[in-house]
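# Examination of the molecular architecture
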Amino acid sequence: MLNRIKKINSAYLFILPYSTMFLVFIVLPVFIAFLLSFTYFNAVEAPKFNNVQNYIFILTQDKVFMQTVLPNTIKFSLIVGPGGYILSFLLAWILAQVPHKSRTVLALMIYSPSMTAGVAITVLWQVIFSGDENGLINGFLLNYNLIGEPIQWLQSPDHLMKVMIIVSLWSSMGVGFLAMLAGVLNINNEVYEAAYIDGLRNKFQEIFYITIPSMKPQMLFGAVMSIVGTFSAGAIGVQLSGANPTPQNAGQLIINHIEDYGILRSEMGLAAAFSVVLLLIIYGISKYVNRAFSE
Amino acid sequence: MSYFGTKINPKYYHKSQIKFYLFVLPLAIFMVLPIIYIFVTAFKPIDELFAFPPRFYVVNPTLDNFRDLADMTEGSGLPMGRYILNSILITFFVLALSLLFSTMAGFALSKKKFKGKSLLFEINTLAIMFVPIAVTIPRFLIISELGIINTFMAHILPLLAVPVGLFLVKQFIDQIPNELIEAAYVDGANDFYIYLKIIVPLIKPAVATVAILAFQSTWNNVETSALFVNNAELKTFAFYLTTFVTQSNSIAGAGIAAASSMIMFLPNLIIFIFLQGKIMNTMAHSGIK
């Protein structure tokens, strides 16, 4: 009996430190956001319960959200999420076809952008995409007479989103990419040999009938990582253009909208409602992806 | 070879691989160009930063940008070393504690039986998708309730639970045969002995992987300095670089920005190069089942 108590206790002892931190800094904030989303809260007075007013506002009155922020977020996420995901699978698959040494060098080249972070790197993007003739890209295009006058890459609503997508895709080959590379490498060569004997004809059949089904768990991990990466990358538009809201809201994503309400306008209750909406969107997509891979 | 085409994970170079190189090499070069541009710009003298047409490469490399960066700190009253020391201390504590916590929890989740085990693992897997910036405000409220605003704790505690880290460690421990642990129990070992002498030595690759993930998120972190700490003496190097970079004008500032990006990026790169073999080993077990 004493032995049994000791056994149970030690398991809890092992999970205690992690679960405490997990509860306090991950579960609790989500829970508080959920509660705050039903209140009016300006960070000075105590939160006042106001039912589902915030959600009604989001759905019916927030024109900027419905007309710009939501479409922007969908457009950005669809290109950076699935686009980056397919690209990282493709690159992982190709890297698996070359010998170890060149693979390591190439993988390092592709992975390294995901290690860059912070505002300092966005300053360099600002120089590269600078709107005057001193910008690297404008300078190059002007020099070869490809354009007549400098393009406002970061300040014009026509181009900001494109630059955001390029920069985000560039830095999206992270942990998910490495997991998928390991996944492709882990498939036994005999599985392929057997499949070719059974009548597999070409590389496309190989990818769809053997490679992807054999590495479903890694494919799912990669998908989850790319969903997280896509929604965390939301601040890039504000960093690149140097303003929140971004010029004519062209690069405004849900994350910036939350910051705009929560920190700049002190509408904490409304910001919390947006957080809940965002977390629900992420959760919904992940459920969908999960089902797609577990079939 | 019993089938045509190329092999996965080939041992040697073969001319059938050329098509793969033709596709992946230009892309890899394209991806690494901005990083080379950081290094090149960091060593550009002022006249080359302003040159028109702008040049990608550097003609007369200089250390001016690094000197300017150090000089800017002098003006702020606090030596640069102070911020670097803060960052090193914070990174060290986050790494040590988050590795300890996630390996302990990973051991219990993988090899022990207890109530709520599958629930905890499910919530943790769900939390991999957690986006911290979505709940910045509640996190701020919690940290101020705990009374750790303006302390080192505000830098460290929020970063300790890394769901994806625990997930990778747990999946890796699943590979360790149960017989090994049962045999140790028979020999009279207790859980702490098994954790220290069997589990930890066997999961070094997973530990290395979680270490590099935690290192990247802590070393690059500016949020905790921006939101939870007002006292300049307690802010991190990454945050300090951010403030200087945003203060200076864009072209002349580009040299300083490049120098600071380089200082931030190099430790990430070096650690990754040293640990990449172990990381690939862990990633093989990373799948969500």
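Keep in mind the model is a prediction, meaning the values are calculated, not measured. (Residues numbered from 1 in each chain as written. Chains lettered and ligands numbered in written order. Predicted model: local features only at pLDDT ≥ 70, side-chain atom pairs only at ≥ 80, totals over all residues.)

On to the interface of chain B and chain A. Of the residues lining the interface, 86 residues belong to chain B; the matching set on chain A comes to 87 residues. Mapped onto the side of chain B that touches chain A, the elements with two or more residues apiece are helix H1 (18-42), helix H4 (80-111), helix H5 (117-127), helix H6 (136-145), helix H11 (204-219), helix H13 (237-247) and helix H14 (250-283) of chain B. Counting residues per element, the side of chain B that touches chain A draws most heavily on H14(B), at 17 residues. Grouping the amino acids of the side of chain B that touches chain A by side-chain chemistry returns 61 nonpolar, 19 polar and six charged. (Contact = placed C-beta atoms within 7 Å. Helix = DSSP H or I, 4+ residues; strand = E, 2+ residues; numbered from the N terminus. Nonpolar A, V, L, I, M, F, W, Y, C, P; charged D, E, K, R; others polar.)

Take the domain arrangement of chain B next. Partitioning chain B into structural domains gives domain 1 (21-62) and domain 2 (78-242 + 258-283). If you average the C-alpha positions of domain 1 of chain B and of domain 2 of chain B, the two centres end up 34 Å apart. (Domains from an automatic or database assignment.)

What follows is about H6(B). Listed in full, the buried residues belonging to H6(B) are B:Thr136, B:Ile137, B:Pro138, B:Arg139 and B:Ile143. Within two residues after H6(B), B:Gly147 carries a phi angle of roughly 75 degrees, on the positive side. (Buried ≥ 20, exposed ≤ 12 C-beta atoms within 10 Å, placed from the backbone.)

A few words on the environment of A:Tyr288. Along the chain, A:Tyr288 turns up in helix H14 (residues 268-294). Sequence spacing of A:Tyr288 and A:Ala273 is 15 residues, and the spatial spacing of their C-alpha atoms is 23 Å.

As a further point, take the packing of H4(B) against helix H8 (residues 163-173) of chain B. All names here are of chain B. Where H4 contacts H8, the axes come no closer than 8 Å and their chain directions differ by 45 degrees. As judged from the angle between their axes, H4 and H8 are oblique. For H4 against H8, the interelement crossing comes out right-handed. Where H4 abuts H8, its residues Ser98, Ser102, Thr103, Ala105, Gly106, Phe107, Leu109, Ser110 and Lys111 lie against Gly165, Leu166, Val169, Lys170 and Ile173. (Axes fitted to C-alpha atoms, helices over the stretch in contact; angles between N-to-C directions. Parallel < 35°, antiparallel > 145°, perpendicular 65-115°, else oblique. Left-handed = near helix turned anticlockwise from the far one by under 90°.)

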